[in-house]
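Residues per chain are reported as follows:
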Amino acid sequence: MSDYFNETHEQVRQTARKFIDTHVLPHIDDWEEAGEFPRALYKKAGDAGLLGIGFPEALGGIGEGDIFLKVAVSEELMRSTSGGLVAGLGSLDIGLPPVAKWAKKEVREQIVPPVLRGEKISALAVTEPGGGSDVASLKTRAVRSGDHYMVNGSKTFITSGMRADHYTVAVRTGGEGHGGISLLLIDRDMPGFSTGRKLRKMGWWASDTAELFFEDCRVPVDRLIGAENAGFIAIMSNFLAERLSLSIMAYMTAQLAYEAALEYAQQRLAFGRSIAGFQVTRHKLVDMATQIDVAREYTYRCAALMQAGKNPIKQVAMAKNFSVDVCEKVTREAVQLFGGMGYMRETVVERLYRDAKILSIGGGTTEIMKELIAKQLRL
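On a predicted model such as this, the values are computed, not experimentally measured, just so you know.

Each helix and strand counted, the protein has 13 helices and 10 strands in total. Over its C-alpha atoms the protein spans a radius of gyration of 21 Å, differing by no more than 12% from the 21 Å that the globule rule assigns to 379 residues. For the protein, the spread of C-alpha atoms along the three principal axes comes to 80 × 50 × 40 Å. The burial tally for the protein puts 53% of its 379 residues in the buried class. Taking the contacts inside the protein whose residues are at least 6 apart along the sequence as the reference set, 75% of them involve residues at least 24 apart. Of the roughly 17,300 Å² of accessible surface on the protein, a fraction of 53% belongs to carbon and sulfur atoms. In the protein, which carries 46 positive and 46 negative side-chain charges, the distance between the mean positions of the two groups comes to 3 Å.

The structure is reproduced here in structure tokens:
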């Protein structure tokens, strides 16, 4: 029913849907249990053109500036039923934009195209132990020494942390606060870099999440992304697209839970009729459908503002919070409608319910979003 999408968007949507149907859905339950998906899936996604959306054609991308192309593909990737798979496959969307925009020309041309082809993997490394949402207080330090930076510190909760080839790392090159932060592009084979244990999570099982360690890690100065001590601005500029993406993940997680609950309610018999025949069930399903529609349409509106060149910080924060709230409510009700079966790992609603929780934490917590909205309202 939406008028935000054109024929090109729908063609790319069908490509993404075929990719999920062919390469993901037959295996996703096994990958979830294994806690990872095959690295070869990146190459398949790259061959299908799904990784290059939003990046410059000169670097091997397609559809730069077309927000709704990304929205369409993101919705279809979520039909994998695994937020972890989408987060892992899409770690380039948070790790690579600063490289594509602000890295030196030679570095951009060396790094970006192989990642978009799915031959290499990119990750973003900002969060530190004890740091959380307080990005401006990060401790990992980079000290200039000749033609290298010497980096010392650690990161945690890094998506694609175990398997990435390139990490966009937030480091402190100056004084305290946001003004002393820079971004460095660090490769996994650089001396002094290592990964820690693979982290076990409540949800997003199929995504690889890890700790990173830097011990006198030698990073060439040409791997500085943008200007020294200007990294905080680059990090913040990345957040708008990331939060829109998380809003999409939230309403799509809810959509999948609703669809599963609707099908189950129509088939499950109790007291001589389907449970969809009871008013309480029908009203629950109506409320779920209504909330999802509102979350989706408001997110589309935010995407339209971004498409028009606006900077809708407040609106995207609102969209994320609202969509996440809807997601948590809908997935909870879906599990409840399934009854005992909803508590079983063999049902998709159990996975969706677990996956929902991270969305109120990642990309800025619900509480941080409220503070951001309050600031925009001049409260």
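So much for the structure itself; the text now carries on.
Another aspect to go through is a nonpolar patch on the surface. Side chains of M341, Y343 and M344 sit close together on the surface and give an oily, nonpolar patch of about 340 Å² of accessible area. In this structure, M344 sits in the loop between helix 11 (313-338) and helix 12 (348-356). Looking at M344, the relative accessible area reads 36%, which means it is partly exposed.

Along the chain, the position of T299 falls in helix 10 (residues 279-307). Classification of T299 by relative accessible area gives buried; the value is 2%. Ignoring sequence-local partners within four residues, the contact set of T299 consists of L244, S247, I248, Y251, A319 and S323.

A word on the UniProt feature "domain: Acyl-CoA dehydrogenase/oxidase C-terminal" (unreviewed entry) in the protein. The sites that carry the UniProt feature "domain: Acyl-CoA dehydrogenase/oxidase C-terminal" (unreviewed entry) are, in the present numbering, residues 229-377. A distance of 29 Å separates the end C-alpha atoms of residues 229-377, which is 75% helix and 3% strand.

On to the side chain of Q255. Along the chain, Q255 falls in helix 9 (residues 231-267). Among all residues touching Q255, those that are not within four sequence positions of it are R79, I292 and R296.

This part covers the environment of P38. Tracing the backbone shows P38 in the loop between helix 2 (28-34) and helix 3 (40-47). Residue classification places P38 among the partly exposed positions, given a relative accessible area of 37%. It is 9.9 Å that separates the C-alpha atoms of P38 and A206, two residues lying 168 residues apart in sequence. Excluding its chain neighbours within four sequence positions, the residues that come into contact with P38 are W31 and R163.

Counting buried positions along strand 4 (residues 166-172) gives 7 out of 7 residues, so the element sits mostly inside the fold. Burial along strand 4 is two-sided: the residues H166, T168, A170 and R172 and Y167, V169 and V171 are all buried. Here strand 1 (residues 122-125) runs beside strand 4; their pairing, made up of 4 bridges, is parallel. Across the sheet, A123 pairs through a bridge with Y167, a residue of strand 4. The pairing of strand 4 with strand 5 (residues 181-187) spans 7 bridges and is classified as antiparallel. When the sheet's bridge partners are listed, Y167 is paired in strand 5 with I186.

Of note in the backbone geometry, F157 takes a positive phi value of approximately 60° without being a glycine. As for its position among the elements, F157 is in strand 3 (residues 148-159). Even without being a glycine, S160 presents a positive backbone phi close to 65°. Tracing the chain through its elements places S160 in the loop between strand 3 and strand 4.

The positions UniProt marks with the feature "domain: Acyl-CoA dehydrogenase/oxidase N-terminal" (unreviewed entry) are residues 6-119. Helix makes up 64% of residues 6-119 and strand 0%, and the two end C-alpha atoms of the span are 30 Å apart.

A word on helix 10. The α-helix advances 3.6 residues per turn, and as a result positions three or four apart in sequence lie on the same side. Compared with an ideal rise of 1.5 Å per residue, which puts 29 residues at 42 Å, helix 10 spans 42 Å between its outermost C-alpha atoms and is within 8% of the ideal. A positive backbone phi angle near 85° is found at G309, which sits one or two residues after helix 10.

Here we come to the pairing of strand 7 (residues 209-220). The two faces of the sheet receive side chains in turn, since in a regular strand these alternate between them. Note that strand 3 and strand 7 share 9 bridges and pair antiparallel. By the bridge assignment for strand 7, S154 is matched with F213. Pairing of strand 6 (residues 193-198) with strand 7 involves 4 bridges; the strand directions are antiparallel. From the neighbouring strand, S194 faces strand 7, where its bridge partner is F213.

With that settled, consider helix 9. The first and last C-alpha atoms of helix 9 sit 54 Å apart over 37 residues, in line with the 54 Å expected at 1.5 Å per residue. Along helix 9, the helix axis deviates most sharply at L240, where the bend reaches about 30°. Most of helix 9 is tucked away, with 27 of its 37 residues classed as buried.

Rules behind the numbers
- Along each chain, numbering runs from 1 in the same order as the chain's sequence is written.
- This being a predicted model, a pLDDT of at least 70 is required before a residue's local features are given, and a value of 80 or more before pairs of side-chain atoms are given or counted; all residues contribute to the totals for chains, interfaces and linings.
- Values shown for side chains rest on all heavy atoms present in the structure; no hydrogens or waters enter the calculation.
- A run of H or I in DSSP becomes a helix once it reaches four residues, and a run of E becomes a strand once it reaches two; helices and strands are each numbered from the N terminus.
- Between the two quantities, the radius of gyration covers C-alpha atoms and the globule rule is 2.2 Å times the number of residues to the power 0.38.
- Each residue gets one of three labels from its accessible area relative to the maximum for its type: buried under 20%, exposed over 50%, partly exposed in between, using a 1.4 Å probe on protein chains only.
- In this analysis, two residues are considered to be in contact whenever any of their non-hydrogen atoms come within 4.5 Å of each other.
- A 1.4 Å probe and the Shrake-Rupley method give the accessible areas. Residues count as covered only by the protein chains that appear here.
- Counting rule applied: Lys, Arg positive; Asp, Glu negative; His and chain ends not counted.
- Throughout, a charge is located at the NZ atom of Lys, the CZ atom of Arg, the CG atom of Asp or the CD atom of Glu.
- Each patch is built from residues that are more than 30% exposed by relative accessible area and take part in no salt bridge. Like charges join if they lie within 9 Å; nonpolar side chains (Val, Leu, Ile, Met, Phe, Trp, Tyr) join within 5 Å.
- The rule for a salt bridge is simple: a side-chain nitrogen of Lys or Arg has to be within 4 Å of a carboxyl oxygen of Asp or Glu.
- UniProt positions are given in the numbering used here, feature names are shortened, and annotations may be inferred rather than shown by experiment.
- Paired strands, in this sense, are two strands between which DSSP finds at least two bridges.
- To estimate the expected span of a helix, count its residues, drop one, and scale the result by 1.5 Å.
- Bending is quantified residue by residue as the angle between axes fitted to the seven-residue window ending at that residue and the seven-residue window starting at it.

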